[in-house]
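Below are the chains, spelled out letter by letter.
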Amino acid sequence: MGQFDDKVAIVTGAGGGIGQAYAEALAGEGAAVVVADINTEGADRVADKIVADGGAAISVGVDVSDPESAKAMADRTLAEFGGIDYLVNNAAIFGGMKLDFLLTVDWDYYKRFMSVNQDGALVCTRAVYRKMAKRGGGAIV
């Protein structure tokens, strides 16, 4: 038995890297995991690996900066697993991050970077918190 048996966790940015490690660790402890990522190929690969290893997982394409996309992610989680207990706000623009001064960085890149890295956690939290409360609470990281 794992410490997260009968729990449901959404991990954003879980199509690789640290998010993948979070998703696999939660699944290893018994959680049903939603592998959420804008990179749907990576999300599919991670979810398939979790299932092949005996866990429960689905992949969901999500743009964390888009409230409708985050809502669809939450709705799909409810439809598949019946509730939400945990949200790990991991999605971020990191690997392709441009190192530039704020005064000279391309404006569209800056807006996208902030939309994902800063607003994304709030957008996803807004999409799930009421659903988590109905289930008795949970945790958002």
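This section reports on the structure supplied with the text. (Residues numbered from 1 in each chain as written. Predicted model: local features only at pLDDT ≥ 70, side-chain atom pairs only at ≥ 80, totals over all residues. Heavy atoms only, no water.)

1. Details of the overall build of the protein chain
Right, on to step 1. When its secondary structure is counted, the protein chain shows four helices and five strands.
Right, on to step 2. When the helices and strands of the protein chain are read in sequence order from the N terminus, they spell out β-α-β-α-β-α-β-α-β.
Right, on to step 3. For a compact globule of 141 residues, the expected C-alpha radius of gyration is about 14 Å, and the protein chain comes in at 15 Å, within 12% of that figure.
Right, on to step 4. Counting only C-alpha atoms, the protein chain reaches 50 × 30 × 20 Å along its principal axes.
Right, on to step 5. By sequence separation, contacts in the protein chain at least 24 residues apart represent 67% of the contacts at least 6 residues apart.
Right, on to step 6. Accessible surface for the protein chain amounts to roughly 7,900 Å². Of this, 55% is attributable to carbon and sulfur atoms. (Helix = DSSP H or I, 4+ residues; strand = E, 2+ residues; numbered from the N terminus. Rg over C-alpha atoms; globule rule 2.2 N^0.38 Å. Contact = heavy atoms within 4.5 Å. Areas by Shrake-Rupley, 256 points an atom, 1.4 Å probe, with all protein chains shown as cover.)

2. Topic: the side chain of S115
Right, on to step 1. When you line up the elements, S115 lands in helix 4 (residues 107-134).
Right, on to step 2. Leaving out residues up to four positions away in the same chain, S115 has contacts with S65 and G120.

3. A word on unusual backbone geometry
Right, on to step 1. Even without being glycine, D6 reaches a positive phi, approximately 65°.
Right, on to step 2. Residue position: D6 is located in the segment before strand 1 (8-12).
Right, on to step 3. In this structure D6 comes out as exposed when scored by relative accessible area, which is 72%. (Buried < 20%, exposed > 50% of the residue type's maximum accessible area, 1.4 Å probe, protein only.)

4. Considering the sheet that holds strand 2 (residues 32-37)
Right, on to step 1. As summarised here, the arrangement of the five strands in space is 3-2-1-4-5, forming an open sheet in which the pairing is parallel. In this open sheet, the two edge strands, each paired with only one partner strand, are strand 3 (56-61) and strand 5 (139-140).
Right, on to step 2. The pairing of strand 1 with strand 2 spans five bridges and is classified as parallel. The residue of strand 2 that forms the bridge with T12 is A36.
Right, on to step 3. Together, strand 1, strand 2 and strand 4 (86-88) form the strand contacts of helix 1 (residues 17-28), whose direction differs from that of strand 1 by roughly 170°.
Right, on to step 4. Where helix 2 (residues 40-52) meets the sheet, it contacts strand 2 and strand 3, and its direction lies at approximately 175° from that of strand 3. (Pairing = 2+ DSSP bridges. Axes fitted to C-alpha atoms, helices over the stretch in contact; angles between N-to-C directions.)

5. Some words on the packing of helix 3 (residues 67-81) against helix 4
Right, on to step 1. It is at 8 Å that the axes of helix 3 and helix 4 come closest, and there the two elements cross at 35°. For helix 3 against helix 4, the interelement crossing comes out right-handed. In contact with P67, A70, K71, M73, A74, D75 and L78 of helix 3, helix 4 contributes V123, C124, A127, V128 and K131.
Right, on to step 2. A class-by-class count of the residues in the contact of helix 3 with helix 4 yields nine nonpolar, no polar and three charged. (Left-handed = near helix turned anticlockwise from the far one by under 90°. Nonpolar A, V, L, I, M, F, W, Y, C, P; charged D, E, K, R; others polar.)

6. Looking at the pairing of strand 2
Right, on to step 1. Counting buried residues along strand 2, six of its six residues qualify, which places the element largely inside the surrounding structure.
Right, on to step 2. Covered by surrounding structure in strand 2 are A32, V34 and A36 together with V33, V35 and D37, the residues of both alternating faces.
Right, on to step 3. Note that the unit made of strand 2, helix 2 and strand 3 has a crossover that is right-handed. (Right-handed = clockwise from strand over helix to strand, strands pointing away.)

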